[in-house]
Amino acid sequence: MSVDLEKLAAKAYVYGFPLVFNLDQVRRYVTTGIGSNPAAPFNQFSHAATLAGPQDTFVSINNDTVYSMCQLDLTNGPLLLEVPDTDGRYYVLQFVDAWTDNFAYVGERATGTAAGRYLLTPPGWTGQTPAGVTRIAFPTAVGSIVGRWACNGEADLPHVRTLQERLTLTEVGEQDRPLGLPTPDPDVPEALAFWEKLRAYLPAYPPAARDLPLQRAFAPLGLLEAGGSPYPAADPDLVAALEAGAKAGHDELVAALRSGAGDTIVNGWHQPFHIFDYNDDYFEVGTIDSPEWRIADRAKAIGLRAAAAMGGLWGNHGYEAAYSPVYLDGDGDELTGERSYTLTFAQAPPVDAFWSITMYDVPDYYLVANEIDRYSIGDRTPGLVYAEDGSLTLALSATAPTDPTARANWLPTPAGGFRPLLRMYSPRPEVFDGTYEIPPILKA
């Protein structure tokens, strides 16, 4: 039976996109750094010294917390992670494998704010975990720790820095230098670079066992070639199928993000609170292994995994932080800096930690420079003006409002299209059961 290579390539693109896109960011962090986070070698933390801004060109980066990032290579053995006592301050260390599975959490919600010690172990490790230490087993030899510290503005940065400096990683036993990521064949044409990266990464970072049959089905595309890359001298028909399939797969992901396929949408706000539930295999400390936080349909899970990577790489499970983006106003029209808008919260989002709305451009979902250097607004923003009834009306526009109250409550937008994102940290049950309803964005 003949194989439709273009359709197979489109399917393979969606399957492999999270792995390739994720490891591209891992490589950035260990070579050039990203914005406020300087480059750091594998197994060393990179600490941001400021809140994120437009210089941080990372998809949907947040402006609420200060980042501490670490890219890990456990090929040579375990690492001991030690976290400080934060004295009640919200923080989270999110553990992400090469396929973007969120498989562990350490922090206020998951483990409390007392000091702790954790043994990070590679796949297949069978050693003994010391007393008083919690083991965290990594599904893949390379992974990421995405650390976020709550920060109440510039004056709070020195306190955050003290905590960052007390966050340590130590090799257990004598170890060789980390190997790092596999190197794709440099002779592969740029048009096939995605496929060459995927081919190089697949054997280094095996997927969950349930995904292996699907992965083997991609053999006709050359992705399982182990003796060297087939792409420098690939058959023209295969090249054409790979290029067309990549475009089709990419377009499919973009369309899925914009349409919010499968999302609950209330007043224009997408509520993809379960878009990060695609991990169905690895549940370490801090994760919730229960049906409401798992996706039974594996094909759907793989599609959501790719869309989540494109639209919000390294986002948390909903129970850690609930994300709600919006593309349209209350009339169903696309949001644009050519208009001015208001957003009125009669009731603040129900959270146990804090909430914010961050402004992003489209289609990159980056922060955009503005005249007051305000990229997010929320319950910790100083100087907000509330109405007598306790409600809060935000002004969203590309130009500064003239009214003093609107100016105090102004969240600047890009001049073109934009996508605000509501984040609710440690959300309460009413966020998920529909009791709480996010209000629409209205034209001013």
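A quick note: this is a predicted structure, and the numbers were derived from the prediction, not measured.

(A) Local environment of the sheet that holds strand β18 (residues 418-425). The four strands lie next to each other as β12-β18-β14-β15, forming an open sheet whose pairing is antiparallel. What marks the edges here is a single partner per strand, and that holds for β12 (321-325) and β15 (376-378). The mean inter-strand angle of the sheet, taken between neighbouring strand axes irrespective of direction, is 20 degrees. As defined by bridge partners, strand β14 (residues 355-361) adjoins β18 across seven bridges and the pair is classed as antiparallel. When the bridges of β18 are listed, Met359 appears paired with Pro420.

(B) Molecular detail of the UniProt feature "domain: DUF1214" (unreviewed entry) in the protein. Sites flagged by UniProt as "domain: DUF1214" (unreviewed entry) map to residues 320-428. The span residues 320-428 carries 5% helix and 34% strand; its end-to-end C-alpha distance comes to 10 Å.

(C) Examining the UniProt feature "domain: DUF1254" (unreviewed entry) in the protein more closely. Mapped onto the present numbering, the UniProt feature "domain: DUF1254" (unreviewed entry) falls at residues 42-170. Here residues 42-170 runs as 10% helix and 40% strand, with 12 Å between its end C-alpha atoms.

(D) Broad picture of helix α1 (residues 5-31). The largest bend in α1 comes to about 50 degrees, at Gly16, with the proline Pro18 one to four residues further on. Structurally, the start of α1 carries an N-cap: the backbone nitrogen of Glu6 is 3.2 Å from a side-chain oxygen of Asp4. Positive phi appears at Gly33, one or two residues downstream of α1, with a value of about 75 degrees.

(E) Inspection of the environment of Leu442 at higher detail. Within the fold, Leu442 resides in strand β19 (residues 442-443). For Leu442, a relative accessible area of 43% gives the class partly exposed. Sequence separation of Leu442 and Glu243 is 199 residues, and the distance between their C-alpha atoms is 41 Å.

(F) Quick look at the pattern of salt bridges. Summed over all chains, the structure comprises 19 salt bridges. Between Arg117 and Glu82 there is a salt bridge, and its shortest N-O distance comes to 3.5 Å. Note that Arg117 is positioned in strand β6 (residues 116-121) and Glu82 in strand β3 (residues 79-83), a separation of 35 residues in sequence. According to the relative accessible area criterion, Arg117 is partly exposed, its value standing at 37%.

(G) Representation of the domain arrangement of the protein. You can read the domains of the protein as domain 1 (1-264) and domain 2 (265-443). When each unit is reduced to the centre of its C-alpha atoms, the spacing between domain 1 and domain 2 is 23 Å. Across the contact, 65 residues belong to domain 1 and 54 residues belong to domain 2. Summing the contributions of domain 1 and of domain 2, the shared interface buries around 5,200 Å²; its carbon and sulfur component is 57%. The tally of links from domain 1 across to domain 2 stands at six salt bridges. With its nearest N and O atoms 2.5 Å apart, the salt bridge here joins Arg109 to Glu320. Run the count over domain 1 and domain 2 and you get 31 residue pairs in polar contact (both at pLDDT 80 or more).

Cut-offs and rules
The residue numbers shown here count from 1 along each chain, following its written sequence. For this predicted model, a pLDDT threshold of at least 70 governs which residues receive local features, and a threshold of 80 or more governs which side-chain atom pairs are given and counted, while totals over whole chains, interfaces and linings are taken from all residues. Side-chain metrics in this entry use all non-hydrogen atoms of the structure; hydrogen atoms and water are not considered. Here, strands pair whenever DSSP counts at least two bridges between them. For helices the rule is a DSSP run of H or I covering at least 4 residues; for strands it is a run of E covering at least 2, with both sets numbered from the N terminus onward. Axis definition: a line fitted to C-alpha atoms, over the contacting stretch in the case of helices. Angles run 0 to 180 degrees between N-to-C directions. UniProt positions are given in the numbering used here, feature names are shortened, and annotations may be inferred rather than shown by experiment. Note that the bend at a residue is defined as the angle between axes fitted to the seven residues ending at it and the seven residues starting at it. Here a polar contact means two N or O atoms within 3.5 Å. Within protein one must be a hydrogen donor candidate and the other an acceptor candidate, and residues neighboring in sequence count only if both atoms are side-chain atoms. Categorising residues by exposure relies on relative accessible area from a 1.4 Å probe, with only protein chains included: less than 20% of the type maximum marks a residue as buried, more than 50% marks it as exposed, and the intermediate range marks it as partly exposed. Each reported salt bridge corresponds to a side-chain nitrogen of Lys or Arg within 4 Å of a carboxyl oxygen of Asp or Glu. Here the bounds of each domain stem from an automatic or database domain assignment. Residues are treated as being in contact if the distance between any of their heavy atoms lies within 4.5 Å. Accessible-area loss on putting two parts together, using a 1.4 Å probe and summing over both, is the definition of buried area adopted here.

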